[in-house]
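Tertiary structure, described
One-letter residues, chain by chain:
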Amino acid sequence: MGTEAGASAVDLLRSQIPFQTDGELVLPQRGVGLVLVDLCNGFCTVGAGNLAPVAPNKQIEKMVGEAARLAKLFCDRNWPIFAFLDTHYPDKPEPPYPPHCIIGTGEENFVPDLQWLEKEPNVTIKRKSCIDGYISCIEKDGSSIFADWVGKYQIKTVLVLGICTDICVLDFASSTLAARNIDRVPPLQDVVIYSDGCATYDLPVEVATNIKGALAHPQDLMHHIGLYMAKGRGAKVVDRVVVEP
C-alpha cells in the first residue's frame, strides 16, 4: 500500500471507529506506577531478530524515547516501575510467531536506551514467556507478582507504555482491568495507556501477500485499533503525560 493510500486507509478507519482520548495524565505525587511492556531488542532494535524492525521506524523510536524520558522521571522520584521483558526458551515456541527473544540471544534484553534500568532499586523486572504480561505474573500457587507489586506500593493508577499496542499492551491492559473489576489487584483503579509511548510492528499488505501464512499488519491502522480496543475494555488513553506541579 502506497503512502497516500495508507494515509487514506488510516483516515477512513479513524472516521469509522473514532474515539476521544482522555487528554493528558497529570502524574500525582503518590499512588502511580509505570508499566513498561517489552522494551527489548527483539521488538525494538533494527535487525535484532525475526520480530524486530528491519529499518529505522519513527513510531518505535518515539515510543523508546518517551519510555526513557518517563522512566528517568520515575527513577528520579523513586516511584515504582514494573518492566516486562519478553523472554523465551528455544524449545517452547509461541505460535503463530516465529522464534523471538530467545534466552541468550540478546533479543530478550532492554534496548540500549533503557539498559540502565537494570540497576535501579525502584524497578521490578519480570521476564515473561507469554503474550499477556498479567497472566505471566501468576504463580503456580495462585499468587501474582504484579498484584503484589500493586499492593506493596499502594498503586491506584498504572501508566502503560510499550509494544505492541494491539497485542501485548492490549492483552495486559484487558486482563488487568478484568482483574480490577473482581478486586484481584487492590487498590488499583485506573489503567492508563500513553498513545505516543506505545508502538506496534509494520507488515504492509504488499509484503504480507508474499509471505506464506502471514497476516498483513499495517502499523498505523493496527496502532489505532489497539488503542480503540483498549478504550473498549475500560482503559484510559492519553496523548500527554505531565507531572503534578
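Predicted model only: the values in this text are computed from it and were never measured.

**Section: the environment of L85**
- Relative to the elements of secondary structure, L85 occurs in strand β3 (residues 81-86).
- Along the chain, L85 and C101 lie 16 residues apart, while their C-alpha atoms are 8.8 Å from each other.
- Leave out the neighbours within four places in its chain, and L85 touches D38, L39, C40, E108, N109, F110, I125, K126, R127 and K128.

**Concerning helix α3 (residues 58-76)**
- With 19 residues, α3 should cover 27 Å at 1.5 Å per step; its first-to-last C-alpha distance of 27 Å lies within 8% of that length.
- The backbone nitrogen of Q59 lies 3.1 Å from a side-chain oxygen of the residue at the head of α3, namely N57.
- Two residues or fewer after α3 comes N78, characterised by a positive phi angle close to 60°.

**Quick notes on the packing of aromatic side chains**
- Across all of its chains, the model carries nine aromatic pairs by this definition.
- Measuring from ring centre to ring centre gives 5.3 Å for F146 and F172, while their planes differ by 85°; the resulting arrangement is edge-to-face. With F146 in helix α5 (residues 145-152) and F172 in helix α6 (residues 165-181), this pair connects stretches of sequence that are 26 residues apart.
- Exposure remark for F146: the relative accessible area of 0% places this residue in the buried category.
- Taken together through their ring pairs, the aromatic side chains of F82, F84, Y134, F146, W149, Y153 and F172 make up a single cluster.

**Some thoughts on the UniProt feature "domain: Isochorismatase-like" (unreviewed entry) in the chain**
- Within this numbering scheme, the UniProt entry marks residues 34-202 as carrying the feature "domain: Isochorismatase-like" (unreviewed entry).
- Spanning residues 34-202, this segment combines 31% helix with 20% strand, and its end C-alpha atoms are found 26 Å apart.

**Some remarks on the sheet that holds strand β5 (residues 157-163)**
- If you walk across this open sheet you meet the six strands as β4-β3-β2-β5-β6-β7, and the pairing is parallel. The open sheet has two edge strands, β4 (123-128) and β7 (236-238), and neither has a second partner. Direction aside, neighbouring strands of the sheet carry axes that sit 25° apart on average.
- The sheet contact formed by strand β2 (residues 32-37) and β5 spans six bridges and is parallel.

**What about the layout of surface pockets?**
- Roughly 990 Å³ of internal volume is contained in the largest pocket.
- Around the largest pocket, the lining comprises 38 residues; the ones closest to its centre are N50, L51, Y201, D202 and L203.
- The element that contributes the greatest number of residues to the lining of the largest pocket is α6, accounting for three residues.
- Residues of the lining of the largest pocket, tallied by class, amount to 24 nonpolar, nine polar and five charged.

**Some thoughts on the pattern of salt bridges**
- Counting across every chain of the model gives seven salt bridges.
- For D22, the salt bridge goes to K231, with nearest N and O atoms at 3.1 Å. Taken together, the positions of D22 in the loop between α1 (3-16) and β1 (24-27) and K231 in helix α8 (residues 219-233) put the pair 209 residues apart, joining distant regions of the chain.
- On the basis of relative accessible area, K231 is assigned to the partly exposed category, the value being 26%.

**What to know about the pairing of β5**
- Along β5, seven of the seven residues are buried, which leaves the element largely enclosed by surrounding structure.
- Of the two faces of β5, both are covered, the one formed by T157, L159, L161 and I163 as well as the one formed by V158, V160 and G162.
- Bridge count between β5 and strand β6 (residues 190-199): six bridges; the pairing is parallel. By the bridge assignment, I163 is partnered in β6 with A199.
- Handedness of the crossover is the feature at issue here: the chain leaves β5, passes through α6, returns alongside β6, and the resulting connection is right-handed.

Reading the values: rules and limits
Residues numbered from 1 in each chain as written. Predicted model: local features only at pLDDT ≥ 70, side-chain atom pairs only at ≥ 80, totals over all residues. Heavy atoms only, no water. Helix = DSSP H or I, 4+ residues; strand = E, 2+ residues; numbered from the N terminus. Contact = heavy atoms within 4.5 Å. Expected span 1.5 Å × (residues − 1). Polar contact = N/O pair within 3.5 Å; in protein donor to acceptor, adjacent residues only side chain to side chain. Phe/Tyr/Trp six-rings, centres within 6.5 Å; stacked < 30°, edge-to-face > 60°. Buried < 20%, exposed > 50% of the residue type's maximum accessible area, 1.4 Å probe, protein only. UniProt positions renumbered as here; feature names shortened; annotations may be inferred. Pairing = 2+ DSSP bridges. Axes fitted to C-alpha atoms, helices over the stretch in contact; angles between N-to-C directions. 1 Å grid on protein atoms, 1.4 Å probe; cavity = no way out; pocket = protein on both sides within 12 Å on 5 of 7 lines; lining within 4 Å. Points joined across faces, edges and corners; volume = space filled by probe spheres on them. Nonpolar A, V, L, I, M, F, W, Y, C, P; charged D, E, K, R; others polar. Salt bridge = Lys/Arg side-chain N within 4 Å of Asp/Glu carboxyl O. Right-handed = clockwise from strand over helix to strand, strands pointing away.

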